[in-house]
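# Fold and contact review
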Amino acid sequence: MRRSGAGRTRRRGAALEEAILRAAVDELTEAGYAGLTMDRVAARAGTNKNAVYRRWPNRLALGIAAYRQLATTVPPPDTGSLRGDVLELLRQVNRHWSSPLGAVLRELLSAAGGASELLAQLQERSGDAAAAPWLTVLGRAVARGEAAPEALHPRVATVAVVLLRNEFVVRGIPAAPDGVIVEIVDEVYLPLVRRRGPTRDRPSGEVSGS
């Protein structure tokens, strides 16, 4: 790095990218996604707008990158029962999505729309890895004999959180009532898990877990 102008440090590469991302995180925290602009981020980072666009092609991509810096991973609960684990996991998600940071997440989800690549980035993971905490609690249930091994499938594991997400994204609610969470678990999730088995409700010739 070299000095440029009146004592300013001319940054390049990773140092400049880190400064831009840090500025974006600050802007996102203070003003939400609605107040995030490339101009404000560039000014806060002490660089020009072109430097921001070279790294993130649009405001949404930058917002997602900033959100990922703020998001934290919480270990899956271990209550000793599948119902208890799923209820607590959904309640954790509900608390997060109804928090100020969760409001930012909802803004980003709304802005991302059908952009699957950006949605994958927003979730910090893609494919089966997105189901990791759900597969963990479901795997414990299989080990305890509460569920058949055939239930251990990403689509089955994540049904509950997808239904909860719909409450926020489709219905636009600020927080899901606890009764909705209990209903998702008791009326949809647990019955689905219990129906998964070697031969139950599976058309002839279908491969288990497919």
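The following paragraphs examine the structure supplied in this document. (Residues numbered from 1 in each chain as written. Predicted model: local features only at pLDDT ≥ 70, side-chain atom pairs only at ≥ 80, totals over all residues. Heavy atoms only, no water.)

Along the backbone of the chain there are eleven helices and two strands. Start at the N end of the chain and walk to the C end: the helices and strands fall as β-β-α-α-α-α-α-α-α-α-α-α-α. Counting only residues that meet the buried cut, the chain has 38% of its 210 residues in that class. A fraction of 64% describes how many contacts in the chain between residues 6 or more apart in sequence connect residues 24 or more apart. Put simply, the chain shows about 11500 Å² of open surface, and 51% of that area lies on carbon and sulfur atoms. (Helix = DSSP H or I, 4+ residues; strand = E, 2+ residues; numbered from the N terminus. Buried < 20%, exposed > 50% of the residue type's maximum accessible area, 1.4 Å probe, protein only. Contact = heavy atoms within 4.5 Å. Areas by Shrake-Rupley, 256 points an atom, 1.4 Å probe, with all protein chains shown as cover.)

Here the focus is helix H8 (residues 132-144). The first and last C-alpha atoms of H8 sit 18 Å apart over 13 residues, in line with the 18 Å expected at 1.5 Å per residue. Every buried residue of H8 is accounted for by Trp134, Val137, Leu138 and Ala141. Along the axis of H8, the buried positions cluster into a sector of 95°, meaning they face one direction only. Of the surrounding secondary structure, the elements contacted by the buried residues of H8 are helix H5 (82-97), helix H9 (154-157), helix H10 (159-169) and helix H11 (178-195). Residue Gly145 follows H8 closely and has a positive phi angle near 85°. (Expected span 1.5 Å × (residues − 1). Arc of directions from axis to C-beta.)

Another point: the environment of Val182. In this structure, Val182 sits in helix H11. Excluding residues within four positions of it along the chain, Val182 makes contact with Arg83, Leu87, Arg91 and Glu187.

Taken N-terminus to C-terminus, the directions of H5 and H10 make an angle of 30°; their axes are 10 Å apart at the nearest point. Between H5 and H10, the interaxial angle falls into the category roughly parallel. Crossing of H5 over H10 shows right-handed handedness. Within the contact between the two elements, H5 uses Val86, Leu90, Val93, Asn94 and Trp97 and H10 uses Ala160, Val161, Leu164, Arg165 and Phe168. Of the residues that constitute the contact of H5 with H10, the class distribution is eight nonpolar, one polar and one charged. (Axes fitted to C-alpha atoms, helices over the stretch in contact; angles between N-to-C directions. Parallel < 35°, antiparallel > 145°, perpendicular 65-115°, else oblique. Left-handed = near helix turned anticlockwise from the far one by under 90°. Nonpolar A, V, L, I, M, F, W, Y, C, P; charged D, E, K, R; others polar.)

Now for the packing of aromatic side chains. The description of two aromatic rings rests on the distance between their centres and on the angle between their planes. Applying the stated rule across the entire model yields one aromatic pair. Ring geometry for Trp97 and Phe168: centres 5.3 Å apart, planes at 80°, overall edge-to-face. You can see Trp97 sitting in helix H5 and its partner Phe168 sitting in helix H10, a full 71 residues away along the chain. Each member of the pair Trp97 and Phe168 is classed as buried. (Phe/Tyr/Trp six-rings, centres within 6.5 Å; stacked < 30°, edge-to-face > 60°.)

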